[in-house]
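# Structural overview for review
Single-letter residue listing:
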Amino acid sequence: MATDLSNWSNFISNKDIETYAKKQKKNNVSKTLSAQDVWTAALEAKKTEPLDIEWVAEKLFGLNVVKRDLGEASGFLNVLDDQWCIFVNKFENERRQRFTIAHELGHFVLHKDKSITSKDIIFFRDENTNIEEQEANNFASELLMPERKIREYIKEGYNTISLLADKFCLSTPAVRYRLYKLGLISEY
Ligand SMILES: [Zn+2]
């Protein structure tokens, strides 16, 4: 299927994010949204405990989240009938699906000008993956698990990987990877 990457901006017009982007522009902040920008917009809409990632993808960015049997793949991003879609493997558990959606959203936010239709099998390793995959993983990690929120939860007593995974509704490898990247644990 031909992929039209020219009209992505149609899907984020008239959405909350536009107002937010304008606010950011006024404050002289760069046009590319960071994970923290997206978190802040979700926080304003009270969608953050744990982050409602489907709401973020669909309502904030105008994407469709489509759950299908994707075989070996966890997910991918593509345009279907002029509509940007995140495809998610419906046979993976909810926690993995949440990370996949955030990862694909990362590709949309960061790499929308490039052709990125390859299917994703998401690993939490740095060495096996290219720069765009690392960027998408980092975007997803920062969006789903903001550092401030992690420190807050740890202070409240959610001080194991498994307790944090429950709080964020994510897999333990995803949490372990984030803690390692933040330097909160020394080994991955
Ligand atoms: Zn990817």
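## Looking at the packing of helix α3 (residues 53-60) against helix α4 (residues 94-111)
Running from N to C, α3 and α4 cross one another at 35 degrees; their axes reach a closest spacing of 9 Å. The way α3 lies across α4 gives a crossing that is left-handed. In this structure, α3 contributes Ile-53, Glu-54, Val-56 and Ala-57 to the contact, and α4 contributes Arg-98, Ile-101, Ala-102 and Leu-105. Grouping the amino acids of the contact of α3 with α4 by side-chain chemistry returns 6 nonpolar, no polar and 2 charged.

## What about the packing of helix α2 (residues 35-44) against helix α5 (residues 131-144)?
Where α2 contacts α5, the two axes come as close as 8 Å, and the packing angle between them is 35 degrees. For the element pair α2 and α5, the recorded crossing hand is right-handed. Mapping the contact onto sequence places Ala-35, Gln-36, Val-38 and Trp-39 in α2 and Phe-139, Glu-142 and Leu-143 in α5. Within the contact of α2 with α5, the residues separate by chemical class into 5 nonpolar, 1 polar and 1 charged.

## A word on the confidence of the model for the protein chain
Taken residue by residue, the protein chain gives an average pLDDT of 83. The fraction at 70 or more is 77%. No element of the protein chain has a lower mean pLDDT than helix α1 (residues 16-26), which averages 53, and none a higher one than helix α7 (residues 161-168), which averages 97. For the stretch residues 1-15, pLDDT sits under 50, and the model shows 21 contacts to residues farther than four places along the chain or on other chains.

## Details of the environment of Ala-102
Tracing the backbone through its elements, the reader meets Ala-102 in helix α4. C-alpha of Ala-102 to C-alpha of Val-56: the two residues are 46 residues apart in sequence and 9.0 Å apart in space.

## Some remarks on the sheet that holds strand β1 (residues 64-68)
Ordered by their spatial adjacency, 3 strands build an open sheet running β1-β3-β2, and the pairing between neighbours is mixed. Strand pairing shows two members of the sheet lacking a second neighbour, β1 and β2 (75-80), which therefore form its edges. Direction aside, neighbouring strands of the sheet carry axes that sit 30 degrees apart on average.

## With respect to the nonpolar core
Counting 39 residues, the largest nonpolar core has Val-38, Val-56, Ala-57, Ile-86, Leu-105, Leu-143 and Leu-144 as the members making the most contacts within it. Counting residues per element, the ones that place at least two in this core are α2, α3, β2, β3 (83-89), α4, α5, α7 and α8 (172-181). Residue contributions to this core peak at 6 residues, all from α4. Leaving out residues up to four positions away in the same chain, Leu-144 has contacts with Leu-51, Ile-53, Arg-98, Phe-99, Ala-102, Phe-168 and Leu-170.

## Some words on unusual backbone geometry
For the peptide bond that leads from Glu-49 to Pro-50, omega is -5 degrees, which places it in the cis range. Mapping Pro-50 onto the fold places it in the loop between α2 and α3. Positive phi is not limited to glycine here, since Asp-81 has a value of about 50 degrees. Relative to the helices and strands, Asp-81 resides in the loop between β2 and β3. Non-glycine residue Asp-82 carries a positive phi angle of around 65 degrees. Locating Asp-82 in the fold gives a position in the loop between β2 and β3. For Asp-82, a count of 9 C-beta atoms within 10 Å corresponds to the exposed category.

About the cut-offs
Residues numbered from 1 in each chain as written. Predicted model: local features only at pLDDT ≥ 70, side-chain atom pairs only at ≥ 80, totals over all residues. Axes fitted to C-alpha atoms, helices over the stretch in contact; angles between N-to-C directions. Helix = DSSP H or I, 4+ residues; strand = E, 2+ residues; numbered from the N terminus. Left-handed = near helix turned anticlockwise from the far one by under 90°. Contact = placed C-beta atoms within 7 Å. Nonpolar A, V, L, I, M, F, W, Y, C, P; charged D, E, K, R; others polar. pLDDT = per-residue confidence, 0-100. Pairing = 2+ DSSP bridges. Core = buried A, V, L, I, M, F, W, Y, C linked by C-beta atoms within 7 Å. Buried ≥ 20, exposed ≤ 12 C-beta atoms within 10 Å, placed from the backbone.

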